[in-house]
Amino acid sequence: MSTASASAPVGIIGGTGLTTLSGLEITGEREVQTPWGAPSSPLVEGILGEQRVIFLSRHGNPHRIPPHQVNYRANLWALQNAGVRTVVGVNAVGGIHPVMGPAHIVIPDQIIDYTWGRGSTFFEGELDAVTHIDFSFPYTESARAVLVEAASKLDVPISDFGVYGATQGPRLETAAEIVRLERDGCDLVGMTGMPEASLAAELKLNYVCLGLVVNWAAGKSDHIITMEEIEAAIEQGMSGVKRILVEAMGGLGALSSQPA
Ligand code: HPA
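Remember, predicted model here, so these are calculated numbers, not experimental data. (Residues numbered from 1 in each chain as written. Predicted model: local features only at pLDDT ≥ 70, side-chain atom pairs only at ≥ 80, totals over all residues. Heavy atoms only, no water.)

Caption draft 1: Structural view of the overall build of the chain. Helix and strand counts for the chain stand at five helices and 11 strands. Its C-alpha radius of gyration of 17 Å places the chain within 12% of the 18 Å reference for a compact globule of 260 residues. Along the longest, intermediate and shortest principal axes, the C-alpha atoms of the chain span 50 × 45 × 35 Å. In the chain, which comprises 260 residues, the proportion classed as buried is 52%. Of the contacts formed within the chain by residues at least 6 apart in sequence, a portion of 81% connects residues at least 24 apart. Here the chain displays about 11800 Å² of accessible surface, and carbon together with sulfur accounts for 53% of that area. In the chain, 16 side chains carry a positive charge and 28 a negative one; their mean positions are 2 Å apart. (Helix = DSSP H or I, 4+ residues; strand = E, 2+ residues; numbered from the N terminus. Rg over C-alpha atoms; globule rule 2.2 N^0.38 Å. Buried < 20%, exposed > 50% of the residue type's maximum accessible area, 1.4 Å probe, protein only. Contact = heavy atoms within 4.5 Å. Areas by Shrake-Rupley, 256 points an atom, 1.4 Å probe, with all protein chains shown as cover. Lys, Arg positive; Asp, Glu negative; His and termini not counted. Charge placed at Lys NZ, Arg CZ, Asp CG, Glu CD.)

Caption draft 2: Quick look at the side chain of Asn-215. As for its placement among the helices and strands, Asn-215 is situated in strand 11 (residues 206–216). When its relative accessible area of 5% is taken as the criterion, Asn-215 is described as buried. With sequence-adjacent residues up to four places away left out, Asn-215 is seen in contact with Val-93, Gly-94, Gly-95, Pro-102, Ile-225, Glu-229 and Ile-230.

Caption draft 3: Quick look at unusual backbone geometry. Here the residue pair Gly-169 and Pro-170 is connected by a cis peptide bond, since its omega of -5° sits within 30 degrees of zero. Residues Met-194 and Pro-195 are joined by a peptide bond in cis, for which omega reads 10°. Following the sequence through the fold, Pro-195 ends up in the loop between strand 10 (188–190) and helix 4 (196–202).

Caption draft 4: Layout of the site of the ligand. Taken together, Ala-92, Val-93, Gly-94, Leu-172, Glu-173, Val-189, Gly-190, Met-191, Val-214 and Asn-215 make up the full set of residues near the ligand. In this structure, a nitrogen atom belonging to the ligand sits 3.4 Å away from a main-chain N or O atom of Ala-92. Between Asn-215 and the ligand, the recorded distance is 2.6 Å, taken from a side-chain N or O atom to a nitrogen atom. Burial of the ligand by the surrounding chains reaches 92%, relative to a free accessible area of 260 Å². When residues of the shell around the ligand are traced back to their parent elements, those giving at least two are strand 5 (86–95), strand 10 and strand 11. (Near = heavy atom within 4 Å. Polar contact = N/O pair within 3.5 Å; in protein donor to acceptor, adjacent residues only side chain to side chain.)

Caption draft 5: Quick peek at the packing of helix 2 (residues 141–154) against helix 5 (residues 227–253). Direction vectors running N to C along helix 2 and helix 5 enclose 130°, while the axes themselves pass 8 Å from each other. Judged by the angle between their axes, helix 2 and helix 5 are oblique. Here helix 2 and helix 5 pass one another in a crossing that is right-handed. Taking contact as the criterion, the partners of Ala-143, Val-146, Leu-147, Ala-150, Ala-151, Lys-153 and Leu-154 in helix 2 are, on helix 5, Arg-243, Ile-244, Glu-247, Ala-248, Gly-251 and Leu-252. (Axes fitted to C-alpha atoms, helices over the stretch in contact; angles between N-to-C directions. Parallel < 35°, antiparallel > 145°, perpendicular 65-115°, else oblique. Left-handed = near helix turned anticlockwise from the far one by under 90°.)

Caption draft 6: Expanded view of the nonpolar core. Within the largest apolar cluster, 34 residues are counted, with the highest numbers of intra-cluster contacts made by Ile-12, Leu-210, Leu-245 and Leu-252. Sort the elements by how many residues they give to this core and helix 5 lands first, with 10 residues. If you look at the next biggest cluster of nonpolar residues, it comprises 30 residues, including Ile-13, Leu-79, Leu-199 and Cys-209. (Core = buried A, V, L, I, M, F, W, Y, C linked by side-chain atoms within 4.5 Å.)

Caption draft 7: Local environment of the packing of aromatic side chains. Throughout the structure, instances matching the rule amount to two aromatic pairs. Where Trp-36 meets Phe-122, the ring centres are 5.5 Å apart and the plane angle is 70°; that geometry is what we call edge-to-face. On the criterion of sequence distance, the pair formed by Trp-36 in the loop between strand 2 (25–30) and strand 3 (43–48) and Phe-122 in the loop between strand 7 (110–113) and helix 2 is long-range, its members being 86 residues apart. (Phe/Tyr/Trp six-rings, centres within 6.5 Å; stacked < 30°, edge-to-face > 60°.)

Below, the structure written as structure tokens:
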């Protein structure tokens, strides 16, 4: 049974290009610890679009933690412990699908996980029982719908579909690896989508990804991938991401918890 209750703070995990959230009216900042260690950054509490928000910087502030060393468990645990029911993961990604070029915004609907060696479950150690969560649909459909509607209301072009291929990093992929990912059905490639999504599912949090394409994936353009290109795409696309976040906040805050 889902529980309809008053609005809860929305968790926003900011990635590359979103280390701080301009427009957030900050009301507090807390350093927290969790049974899984320290999260990547303090929890920044504030108001965005009239909605209570808790912002966490995935790579730390300043940006210093590489994707394979992010403590995803601590991040998700800290947000849940702070009362969050819904988490938006903002991710910089590479585009594979022909319409997903630099500065394009994508709200993906599926994931393929190629990461390894990351702390990827809360179900380890001394357990009473073995748990296998259902992960057929890794992103919460109602949260995706709120983001898609916000983008449509604002006339910000987005793709409301896409398979996110989560790679280990921190290096970018080879062109052959991207051909393989494409053959597997991936439309996007990024290094931080997993295990964030499955850990959120283990905690029964609503979870959605707001992806900003910052480069064509390896071999998908006539040049190699440069930091200048990535920075230019962030500059061009991040304002749309922020506008969608502001517009969507109230709707995300009102979402019910996942069934227990
Ligand atoms: N590959 C993996 N992760 C990324 C990319 C990419 O091309 N761009 C941004 N994050």
